[in-house]
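Structure assessment
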Amino acid sequence: MFNSRISSIIRKEFLQLFRDPRTLALAVVIPIVQLFLLGYAATSDVRNIPLAVWDQSKTPQSRQLLDAFRAADYFTIDYFVGSTDEYQKLIESGDARVALVIPADYDIRLMEGSAKVLMVLDGSDATIGATALSTARLVGQSFATKILSEQAALSGRSAPSAPVEVRTQVWYNPDLNSAYFMIPGVIGMILSFITTILTATAIVRERERGTIEQLIVTPIRSWELVLGKLLPYVILAFVETFEIIIIGRYWFGVPVRGSLLLIIFTSGLFLMSSLGIGLFASTIANTQQEAMMTVMMYNLPSIFLSGFFFPLQAMPKFLQWVSYAIPLRYYLVVIRALLLKGVGLQAIQNEVIALAIFGVVIMGAAALRFRKRLD
Amino acid sequence: MTNYLVQANGIKKYFGKVHAVDGVDLNIKAGEIYGLVGSDGAGKTTTMRLLVGALLPDQGDVTICGYDLRKQTELARSTIGYLSQRFSMYEDLTVLENIRFFAEIRGLSATEWLPRSMEILEFVGLDKFKDRRAGQLSGGMKQKLGLASALVTRPRLLLLDEPTTGVDPVTRQDFWQLVIKLVSAPHFDSPTIFGENRGMSEGQGGGVSVIISTPYMDEASRCHRVGFMREGKIIAEDTPSNLRARFNNRVLELRGSPINKLRHVAHQDEDVEDVAAFGDKLHLRVRAGKTDLIMKRLPKEIESAGGKLTELRAIPSTLEDVFIALSEDQVFSSNPVL
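In this numbering scheme, every chain counts its residues from 1 along its sequence in written order. Numbering of ligands from 1 and lettering of chains from A proceed in the order in which they are written. Totals for whole chains, interfaces and linings use all residues, but because this is a predicted model, local features are given only for residues with pLDDT of at least 70 and pairs of side-chain atoms are given and counted only at 80 or more.

Let us now look at the overall build of chain A. In DSSP terms, a helix is any run of H or I states spanning at least four residues, a strand is any run of E spanning at least two, and both are numbered starting from the N terminus. From N to C terminus, chain A includes 14 helices and 4 strands. Taken along the three principal axes of its C-alpha coordinates, chain A extends 95 × 45 × 40 Å. A total of 375 residues make up chain A; the buried ones form 37% of that total. Contact between two residues is assigned whenever their backbone-derived C-beta positions fall within 7 Å. The contacts of chain A with a sequence gap of at least 6 include a subset with a gap of at least 24, amounting to 78%. Three exposure classes are used, based on other C-beta atoms lying within 10 Å of a residue's own C-beta, which is placed from the backbone: buried for 20 or more, exposed for 12 or fewer, and partly exposed in between.

Structural data, given as structure tokens:
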């Protein structure tokens, strides 16, 4: 299976790779950049929502309420205002997202047990709005419960208990840190994007520069040429995978709970699809630019319909069906389960079978199309 | 089996409606230098690519060293060295790395390739540049590198597709010396230079055969045989001297003044096929068998037109004359000039 012809292609490929700083940067630096971009910037965790407060009451009671908001960790009280106009301007300019109005008779009403406060939300950003809304409700609810139990303690009665209490347990990612979700996804994205681009351009480059003509007339067989051209990018892809796993683990604290062997095995299956697409693109394209465009037609729908950014469950049924034709969809399920949940093969067997089928079919079709000829 | 190293029978290659190669037969003997000439677009490069199997013919077959190129492709290729028209070495690898790569994928072992490569680089005169990147070589050196890489596995057949196009005359000369040395010098096949001559059966003589395509007629005249291609066909094939002999006594040289009047008169003569100006001389190509007639008629015609003839004589034809005659003839198949 492995002969000197293949190894000399591999050696040549690495020589060229190390002499081409642009490609090398694409292969090694881009994964790190994407990792940090997506690990930090693409977070859906909403923290530090700027809050403007119009405290008309200015009593110990109202300050207690503000402390409760501060403690919730989701708001920072950035502005104290004295009129409706003021907080309206702050919300219009985006300096504040939420305004809290505490009426002047707040302490009196609180004693009567019917205090009301007003919360004004900027709904133009749905994510921030939704988080602010639910957090404000929670803060209000728990503050109310706290006051009730304090009053009960003062009057010597036992605290009334709520009729239903929902207790929550968050598994795998107790802090709901979105980096946990994103970083395994970055592995999938790199194995898809970088691998398809590198393999397609590496093969098309031979055609573009005319070197394919010299390769053709050597006695090397088509499959040896394909294997020799692809293997360096397999090695590179695994280097990238471990690069992301290691930085993910030690910088972002993303756990690696599953078996490393399973990670390698399933990543290998997924790689077959990517390499196959790259190879396929190289049989269509005549220039490196065409090759890039061709693999983009595969990569872009992959990213949006695989559940990388947007949850599949939230998509219309039709798009959910389309997503079944996208190998990355299965790999994302697998890699997230392996890293975060530490599952065994059994839990992900359907996805693994799907990856294997996609890999064999795509790679097979591409290899059949690949001809060691000029026409 | 015949003793031909290359046999092509009726190969055809169409690109859509274009008949790039339209029924070419070739029989190349061992030790032969065969020149493929013709205008741009005549089908030379496509023929070369069909002979190495870079393209698959629509019809016909090719046998190289007894191997059927269609069925025993890789075996046939193992006997071929090919230098394509376009530079096809890796520009980001050094000279030696290129040679090594092509030596290895052609099956030379780790112990074999280095001595062999150094030998070849010395042979083509690139040994001093072995660590230079191929992209930084001059045009002539690039061609020598291509030749070296084609030669490193000691092919029995060398296909050179316009190897000297765009190369300066001195390097062209060098290049041809290498080709001739390769084919004719007996020591090149000896163990001291090229190792044992594997795969060669006794009595074939000569050894390496070369098929070279060229637009230069001085190069064509260095070949043992020349095939003229036009519109995908080989329309004439012979040794350079035989080709020239077909035009013996059919090229006249003319001097006199005014040169434009002489030219005009010659053009008017129905038995003059072509008039070409060479400085202060005119070369006329005349119809076969009409030379004597024209030699008598033309001076009178010039005189009556008011011109002055100082010299008129038959000169030996050149391959250039043959080439132009073959390229210009409108209906070469039904009414051949030769």
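Following the structure, the description resumes.
Attention shifts here to the overall build of chain B. Across its full length, chain B carries 12 helices and 14 strands. In chain B, which comprises 338 residues, the proportion classed as buried is 43%. Of the contacts formed within chain B by residues at least 6 apart in sequence, a portion of 68% connects residues at least 24 apart.

Residue and element names in this part refer to chain B. The strand order across the open sheet formed by 4 strands is β12-β13-β11-β14, and the pairing between neighbours is antiparallel. The open sheet has two edge strands, β12 (272-278) and β14 (308-314), and neither has a second partner. Strand after strand, the sheet turns through a mean of 25 degrees between neighbouring axes, direction not considered. Here an angle of 0 to 180 degrees is reported between the N-to-C directions of two axes, which are lines fitted to C-alpha atoms, with helices fitted over the stretch in contact. In this fold helix α11 (residues 291-304) packs onto β11 (251-257), β12, β13 (281-286) and β14, with an angle of close to 175 degrees to the strand it touches most, β14. Think of it this way: DSSP has to see at least two bridges between two strands before they count as a pair.

Next up on the list: the domain arrangement of chain A. Taken domain by domain, chain A holds domain 1 (4-42 + 177-369) and domain 2 (49-154). Distance between the C-alpha centres of domain 1 of chain A and domain 2 of chain A: 49 Å. An automatic or database domain assignment is the source of the domain bounds shown.

To continue, consider the sheet that holds strand β1 (residues 4-15) of chain B. Residues and elements named next belong to chain B. With antiparallel pairing, the 4 strands of this open sheet are ordered in space as β2-β1-β4-β5. One side of each edge strand has no neighbouring strand; the edge strands of this open sheet are β2 (18-29) and β5 (67-68). In the sheet, β1 pairs with β2 via 9 bridges, with the strands oriented antiparallel. By the bridge assignment for β2, phenylalanine 15 is matched with valine 18.

Another point: the environment of B:Tyr34. Residues and elements named next belong to chain B. For tyrosine 34, the location among the structural elements is in strand β3 (residues 33-37). Between the C-alpha atoms of tyrosine 34 and glycine 66, which are 32 residues apart in sequence, the distance is 19 Å. Here tyrosine 34 is in contact with Ile28, Val210, Ile211, Cys223, His224, Arg225 and Gly227, once residues within four sequence places are set aside.

With that settled, consider unusual backbone geometry. The phi angle of most residues is negative, glycine excepted, and most peptide bonds adopt the trans form. Geometrically, the link from B:Ser257 to B:Pro258 is a cis peptide bond, its omega value of -10 degrees lying close to zero. The phi angle at A:Lys58 is positive, at roughly 50 degrees, despite the residue not being glycine. According to the C-beta neighbour criterion, A:Lys58 is partly exposed, with 13 such atoms within 10 Å. Even without being glycine, B:Asn249 reaches a positive phi, approximately 70 degrees. Here B:Asn249 is to be found in the loop between α9 (240-245) and β11. By C-beta crowding, B:Asn249 is classed as partly exposed, having 16 other C-beta atoms within 10 Å.

Let us look at the packing of helix α7 (residues 178-208) of chain A against helix α13 (residues 327-341) of chain A. Residue and element names in this part refer to chain A. Put simply, α7 and α13 touch, their axes get as near as 9 Å, and they point 135 degrees apart. Judged on the interaxial angle alone, α13 and α7 are oblique. α13 is crossed by α7, and the crossing has right-handed handedness. Of the residues in α13, those touching α7 at Tyr180, Pro184, Gly185, Ile187, Gly188 and Ser192 are Leu328, Tyr331, Leu332, Ile335, Arg336, Leu339 and Leu340. Working definition: roughly parallel below 35 degrees, roughly antiparallel above 145 degrees, roughly perpendicular at 65 to 115 degrees, and oblique for all remaining angles. In this scheme, a crossing is called left-handed if the near helix is turned counterclockwise away from the far one by less than a right angle; it is called right-handed if the turn is clockwise.

Here we take up the domain arrangement of chain B. Looking at chain B, the domain boundaries give domain 1 (4-237) and domain 2 (249-315). Put simply, the middle of domain 1 of chain B and the middle of domain 2 of chain B, counted by C-alpha atoms, are 43 Å apart.

The partner chain B presents 25 residues to the 22 residues of chain A that form the contact. Where the side of chain A that touches chain B is concerned, the elements lending two or more residues are α1 (4-19) and α8 (211-216) of chain A. No other element matches α1(A), which puts 8 residues into the side of chain A that touches chain B. Side-chain classes follow a simple rule in which Ala, Val, Leu, Ile, Met, Phe, Trp, Tyr, Cys and Pro form the nonpolar group, Asp, Glu, Lys and Arg form the charged group, and the remainder, Gly included, forms the polar group. Partitioned by chemical class, the residues of the side of chain A that touches chain B number 7 nonpolar, 7 polar and 8 charged.

This brings us to the packing of helix α2 (residues 21-41) of chain A against α7(A). Residues and elements named next belong to chain A. Contact geometry for α2 and α7: axes closest at 9 Å, N-to-C directions at 155 degrees. The orientation of α2 with respect to α7, classified from their angle, is roughly antiparallel. The two elements α2 and α7 meet at a crossing, and its hand is right-handed. On the side of α2, the interface is formed by Thr23, Leu26, Ala27, Ile30, Pro31, Gln34, Leu35, Leu38 and Gly39, while α7 contributes Ala179, Met182, Ile183, Val186, Met189, Ile190, Ile194 and Leu198. For the contact of α2 with α7, the residue count by class is 14 nonpolar, 3 polar and no charged.

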